[in-house]
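These are the residues of each chain, in order.
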Amino acid sequence: MNLPDFMSYSNKFTASDFIEKISKIAKRAGAKLVYAAFVLYYTLQSDKISIKDKAIIVGALGYLISPLDVIPDAIPIAGLGDDLAVLVYVLNKVWGNVSDDIKEKSKAKLSKWFDEDEIKEIDTLFDKE
């Protein structure tokens, strides 16, 4: 899958739109996507991350909340696949700078929408499917 130029979506990102989108798609998107999104969201707020990394995070989160996708979100199963691909791509780039606190905080947020079995999916976040 070719990734879109997600930096063109950076102007779409706002914290309130992010929270609204996550709450609307959480169950349909799955624990992996929601976890990746929260890790990036909380990493964005960290002062231990470079401006360059913050820029690509904003682009990825902007892509997530934008109504314009390579594969529209309304398409069952595949619709959120491009969003997950973008988030995992960016998460791979910044993972070394993600603190354990951010990982735990993000995982804790999942309990709002997912049960323990679903939350275990995040252990395979970087696995190719």
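Structural data are supplied above this passage.
These numbers come from a predicted model, not from an experiment. Going along each chain's sequence as written, the residues are numbered from 1 onward. A pLDDT threshold of at least 70 governs which residues receive local features in this predicted model, and a stricter bar of 80 or more applies before side-chain atom pairs are shown or counted, although totals over entire chains, interfaces and linings include all residues. With hydrogens and water excluded, all non-hydrogen atoms of the structure serve as input to the side-chain values.

**Student:** Just checking my understanding: could you explain the overall build of the protein chain for this structure?
**Tutor:** Helix and strand assignments come from DSSP, with helices taken as H or I runs of at least 4 residues and strands as E runs of at least 2, each series counted from the N terminus. Each helix and strand counted, the protein chain has 6 helices and 0 strands in total. Sequence-ordered secondary structure for the protein chain, helices as α and strands as β, is α-α-α-α-α-α. Per-residue burial over the protein chain gives 47% buried out of 129 residues. In what follows, residue pairs with any heavy atoms lying within 4.5 Å of each other are defined as contacts. Long-range contacts, defined here as pairs at least 24 residues apart, represent 75% of the contacts in the protein chain between residues at least 6 apart. Burial classes follow relative accessibility: with a 1.4 Å probe on protein chains only, a residue under 20% of its type's maximum area counts as buried, one over 50% as exposed, and anything between as partly exposed.

**Student:** Explain the nonpolar core to me, please; I cannot follow it from the model alone.
**Tutor:** The nonpolar side chains of a soluble globular protein tend to be buried, and buried together. By nonpolar core we mean a set of buried residues, namely Ala, Val, Leu, Ile, Met, Phe, Trp, Tyr and Cys, connected to one another through side-chain atoms within 4.5 Å. If you look at the biggest cluster of nonpolar residues, it comprises 42 residues, and the most contacted ones within it are Phe18, Val34, Leu61, Leu64 and Leu87. Per-element accounting of this core gives the leading share, 12 residues, to helix α2 (residues 31-44). If sequence neighbours within four positions are ignored, phenylalanine 18 has contacts with Phe13, Ala37, Phe38, Tyr41, Leu61, Leu64 and Ile65.

**Student:** For this particular structure, what's the right way to read the packing of helix α1 (residues 15-29) against helix α3 (residues 51-65)?
**Tutor:** In helix packing, the relevant descriptors are the interaxial angle and the interaxial distance, both defined with respect to the helix axes. One can describe the packing of α1 onto α3 by two numbers: an axis separation of 9 Å at closest approach and a directional angle of 50 degrees. Comparing the axis directions of α1 and α3 gives the class oblique. By crossing handedness, the relation of α1 to α3 is classed as left-handed. Packed against α1, whose contacting residues are Asp17, Phe18, Lys21, Ile22 and Ile25, the element α3 presents Leu61, Leu64 and Ile65 at the interface. Axis angles are defined between N-to-C directions and span 0 to 180 degrees, where every axis is a line fitted to C-alpha atoms and, for a helix, only to the segment in contact. Roughly parallel means an angle under 35 degrees; roughly antiparallel means over 145; roughly perpendicular covers 65 to 115; every other angle is labelled oblique. Should the near helix be turned counterclockwise from the far one by less than a right angle, the crossing is left-handed, whereas a clockwise turn marks it as right-handed.

**Student:** When you look at the packing of α3 against helix α4 (residues 81-94) in this model, what are you seeing that I'm missing?
**Tutor:** Two elements in contact, α3 and α4, have axes whose closest approach is 9 Å; the angle formed by their N-to-C orientations is 165 degrees. On the basis of the axis angle, α3 is roughly antiparallel to α4. Crossing angle aside, the handedness with which α3 passes α4 is left-handed. Contacts between α3 and α4 involve Asp53, Ile56, Ile57, Ala60, Leu61, Tyr63 and Leu64 on the former and, on the latter, Asp82, Asp83, Val86, Leu87, Val90, Lys93 and Val94.

The quantities given are spatial measurements derived from coordinates; they are silent on function.
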